[in-house]
Amino acid sequence: MSGAALGLEIVFVFFLALFLLHRYGDFKKQHRLVIVATLLAWYLCFLIVFILPLDVSTTIYNRCKLAVNSSPAESNGSYVTLAPSKQKCFKPWSYIPNGIMPIFWRVVYWTSQFLTWILLPFMQSYARSGGFSITGKIKTALIENAIYYGTYLLIFGAFLIYVAVNPNFNLQWNQLQTIGIAAANTWGLFLLVLLLGYGLVEIPRSHWNGAKRGYLLMKTYFKAAKLMTEKADAEENLEDIMEEVRKVSESIKYNHPLRKCVDTILKKCPAEYQERMGRNMDDYEDFDERQNSYPTEKSLVKLHKQVIYSVQRHRRTQVQWQILLEQAFYLEDVAKNETSATRQFVHTFHSQEPENKIIQYFYTPTVEWYWECLLRPWFYRVLAVVLATFSVIVVWSECTFFSTKPVLSLFAVFIQLAEKTYNYIYIEMACFLTIFFLSICVYSTVFRIRVFNYYYLASHHQTDAYSLLFSGMLFCRLTPPLCLNFLGLTHMDATISHKNTQPTAYTSIMGSMRVLSFIADGFYIYYPMLVVILCIATYFSLGTRCLNLLGFQQFMGDSEMTSDLIDEGKELIRREKRKRQRQEEGENRRREWKERYGNRDDSTRNRVVHTDQKESSFSETNTNRPLSKYTRSNGRTERDRIELLQDAEPLDFNADSINDDPLESDSGRYQPGGRYLSMSRSKIFDDV
């Protein structure tokens, strides 16, 4: 059973990481190495979070077994007995045999560190490079990372020289390894507290505001106004880049040595631009015959990089705009259905994607109304209260976890109470909920933050390769200090508890932090207290107000700029809604005419095809028909039938004259072109 628990979690975490990566990345268009590297980074970080509770329960069992088997004399030696010597220890259901966890943690930790400090930064530069060959991209990546790698090597080399020269230091390889781990964890802890302070406040507040329909709708209008500005900027930028590509494509002919580079750039352009540029590509003029200034390969590399970026940004804004429209329409439908007397949810527009029949069977309009209009707001309020309670417990424990007598950290109190009764299920659940909540606060902030267009995780497969790799780097740097912080909150870390007890397998690979006492006894203990200041700043939206003052529009209810953007977004949504309604009305009208007059139109078309063969008999038949059927008094019905007839057959633009409105021509006669031209000349429709 012990191996089964570990195996199930390994498989489950893999599919969880694969699902999230599929939501944000694009498996079809992005490079496979980017997908594999990002998946591996996310997978290892999530795996640490899910496996650590098993390590805690196994460590508690090993402590109990050691205390029971040891004599009182031995208990005062290397290990302290945590239970009476007569007490029996029960093996947990998820027990992992000795020797497995240290190897497992060592492989996971060092692989993640190799990814975050060496491989992923190199792949970032490789993915962002505009080179036309693998060698060129590798060369660009090495040049860009030379300063990055050189800085770390310079610092590490200076430290080694200082240790070698100073006789007071006698460091061994294990101690040097511990110093490197401590340096990486210190950098990660510095960033961890910043992200944690934001997530502890923003996550409960976002769920509480999620119960306010008016708030969500106003925020959606605000997002629409900002996204429309970004969308217009992306379209303008794409037009400018495509104009440069067109000029380069016209100047570099087919027999130019750099023509292959230009073809590579053209393949990255959207299809409509490729077709537009392809019309002028039949010029085989020799490039040597004209003394023109041709672009260099370096300028083409820069242009290639700009094309990749502009096309990705344009596609992302287009998809996000459609998603935001659907969200705005749905929120408006919720606001309308709240006062519905029938208690059935009515949508303004039908879903464009086919719905699952099973979900459609159970999630009926009545169920949807009760959930969206009654139950969902209360569910979000209750969830927000629960999350806020967790946040308060975390803040209190972060400020008091260094106190061992008395134990003030609530997480440590819960674990120690369960440890006395050896309730391993409770221990694992408490550990899992604690570290899972901490991970949600930190990781959700990573998914939310946006550094201009440099780093941005966009859902629905719209995240570029650079942002995916950057997120993998952040996860690998944040997860180890996050786990150490969790072990400190629960007093499972000997550095915090100051007890000479058996450590967990995770802390054993980290080494003893006593090598750097100012970090172990100072920074690791007192720096997490800053989370209180960050939580207060987030609660009063100080960061949002500062960004708003700097000119970056943020959603603030008491701002005049926010009100103007809400009004602008509301008008944009209203305009798109009218456009969507007109499209649906046109489709419904065409569908109705096809269903009602489909057979008559087919017979009309058959007569048109055989007009030249049966022209005389067709004229007699047309003369004997009642004129009222073709008169204009029939109004809109006859107009729609004629428009449908025009859509069905092509026009002859070589005709003498074609009127914009066939029903309002000067002669009062219908004179279409194309296949009906011969009929009009033979005066078939003179009576119309």
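What counts, and where the lines are drawn
- Residues numbered from 1 in each chain as written.
- Predicted model: local features only at pLDDT ≥ 70, side-chain atom pairs only at ≥ 80, totals over all residues.
- Heavy atoms only, no water.
- Helix = DSSP H or I, 4+ residues; strand = E, 2+ residues; numbered from the N terminus.
- Buried < 20%, exposed > 50% of the residue type's maximum accessible area, 1.4 Å probe, protein only.
- Contact = heavy atoms within 4.5 Å.
- Areas by Shrake-Rupley, 256 points an atom, 1.4 Å probe, with all protein chains shown as cover.
- Disulfide = S-S within 2.5 Å.
- Phe/Tyr/Trp six-rings, centres within 6.5 Å; stacked < 30°, edge-to-face > 60°.
- Lys NZ or Arg CZ within 6 Å of the ring centre and 35° of its normal.
- Salt bridge = Lys/Arg side-chain N within 4 Å of Asp/Glu carboxyl O.
- UniProt positions renumbered as here; feature names shortened; annotations may be inferred.
- Polar contact = N/O pair within 3.5 Å; in protein donor to acceptor, adjacent residues only side chain to side chain.
- Patch = residues over 30% accessible without salt bridge, like charges linked within 9 Å, V, L, I, M, F, W, Y side chains within 5 Å.
- Lys, Arg positive; Asp, Glu negative; His and termini not counted.
- Charge placed at Lys NZ, Arg CZ, Asp CG, Glu CD.
- Core = buried A, V, L, I, M, F, W, Y, C linked by side-chain atoms within 4.5 Å.
- Axes fitted to C-alpha atoms, helices over the stretch in contact; angles between N-to-C directions.
- Parallel < 35°, antiparallel > 145°, perpendicular 65-115°, else oblique.
- Left-handed = near helix turned anticlockwise from the far one by under 90°.
- Arc of directions from axis to C-beta.

This part takes up the overall build of the chain. Per the secondary structure count, the chain includes 24 helices and two strands. In the chain, buried positions account for 42% of the 688 residues. In the chain, the proportion of contacts linking residues at least 24 apart, taken out of those at least 6 apart, comes to 77%. In the structure as shown, the chain presents an accessible area of about 38,700 Å², 59% of it carried by carbon and sulfur atoms.

Another point: the state of the cysteines. The final tally for this structure, using the stated rule, is zero disulfides. Not engaged in a disulfide, the cysteine Cys441 finds its nearest cysteine sulfur in Cys535; these two sulfurs lie 8.8 Å apart.

It is worth spelling out the packing of aromatic side chains at this point. With the rule as written, the count across this model stands at 32 aromatic pairs. With a centroid separation of 5.0 Å and an interplanar angle of 40°, the aromatic rings of Tyr24 and Phe447 are classed as tilted. In this pair, Tyr24 sits in helix α1 (residues 2-24) while Phe447 sits in helix α14 (residues 424-448), placing the two residues 423 residues apart along the sequence. By the burial criterion, Tyr24 is buried, and Phe447 matches it. With 5.1 Å between their ring centres and 90° between their planes, Tyr361 and Phe362 make a pair best called edge-to-face. Among the aromatic residues, those joined into a ring-pair cluster are Tyr24, Trp42, Phe46, Tyr443, Phe447 and Phe475. One Lys or Arg, Arg381, reaches over the ring of Trp378 and ends 4.9 Å from the middle of that ring. Geometry around Tyr456 places Arg450 over its ring, the cationic atom sitting 4.2 Å from the centre.

Turning next to the side chain of Thr504. Its location among the elements puts Thr504 in the loop between α16 (494-497) and α17 (505-510). Beyond its immediate chain neighbours, meaning those up to four positions away, Thr504 contacts Asp55, Thr59, Leu487 and Met492.

A separate point is the pattern of salt bridges. In this structure the tally under the stated criterion is 13 salt bridges. One salt bridge in this structure joins Arg313 and Asp233, with 2.7 Å as the shortest N-O distance. Residue Arg313 is found in helix α10 (residues 297-337), and its partner Asp233 is found in helix α7 (residues 213-251); the two are separated by 80 residues along the sequence. Linking Glu250 and Arg246 is a salt bridge whose minimum nitrogen-to-oxygen distance equals 2.8 Å. Here Glu250 and its partner Arg246 are both found in helix α7, four residues apart, which amounts to about one turn of the helix. Residue class for Glu250 comes out partly exposed when judged on its relative accessible area of 32%. Each of Arg213, Glu372 and Arg376 takes part in salt bridges that share partners, so that together they form one network.

According to UniProt, the feature "coiled-coil region" (unreviewed entry) maps to residues 224-251 in the numbering used here. Between the C-alpha atoms that bound residues 224-251 there is a distance of 40 Å. The span itself is 100% helix and 0% strand.

Turning next to the UniProt feature "transmembrane region" (unreviewed entry) in the chain. As annotated by UniProt and renumbered to match this structure, "transmembrane region" (unreviewed entry) occupies residues 6-21, 33-52, 103-126, 146-165, 177-201, 378-396, 425-446 and 523-542. Within residues 6-21, the helical portion is 100% and the strand portion 0%, while the C-alpha atoms at the span's ends are 23 Å from each other.

Attention now moves to the environment of His207. Position of His207 among the secondary structure elements: in helix α6 (residues 173-209). Accessibility expressed as a relative area gives 21% for His207, which makes it partly exposed. C-alpha separation for the pair His207 and Tyr380, spaced 173 residues apart in sequence, amounts to 5.6 Å. Contact partners of His207, with chain neighbours within four places excluded, come to Tyr380, Leu383, Ala384 and Leu387.

So, about the side chain of Thr400. Within the secondary structure layout, Thr400 lies in helix α12 (residues 365-400). By relative accessible area, which is 9% here, Thr400 ends up buried. Of note is the side chain of Thr400, whose polar atom sits 2.7 Å from the backbone oxygen of Trp396. For Thr400, the contacting residues outside a window of four places in its chain are Leu408 and Ser409.

With that settled, the discussion passes to a negative patch on the surface. On the surface, a cluster of negative charge is made up of Glu236, Glu239, Asp240 and Glu244. The class of Glu244 is partly exposed, set by a relative accessible area of 39%.

A surface patch of positive charge is lined by Arg575, Arg578, Lys579 and Arg582. With respect to the helices and strands, Arg575 occurs in helix α21 (residues 560-609). In this structure Arg575 comes out as partly exposed when scored by relative accessible area, which is 46%.

Here the focus is the nonpolar core. With 96 residues, the main nonpolar core has Trp42, Trp105, Leu200 and Tyr506 as its most contacted residues. Sort the elements by how many residues they give to this core and helix α2 (residues 32-69) lands first, with 21 residues. Once residues within four sequence positions are removed from consideration, Leu200 is found in contact with Ser391, Val394, Val395, Phe437, Cys441, Val531 and Cys535. Among the nonpolar cores identified, the runner-up in size contains 18 residues, and Leu238, Ile241, Val262 and Cys269 belong to it.

This brings us to the packing of α7 against α10. Interaxial distance between α7 and α10 falls to 8 Å at its minimum, and their mutual angle equals 155°. Of the possible angle classes, the one that applies to α7 and α10 is roughly antiparallel. With respect to the hand of their crossing, α7 and α10 are arranged in left-handed fashion.

Our focus in this paragraph is helix α8 (residues 259-268). Buried within α8 are the following residues: Arg259, Cys261, Val262, Ile265 and Leu266. Viewed along the axis of α8, the buried residues span an arc of 155°, placing them on a single side of the element. Exposed residues on α8 whose side chains face more than 90 degrees from its buried face are Lys260 and Lys267. The elements touched by buried residues of α8 are α7, α9 (271-278) and α10.

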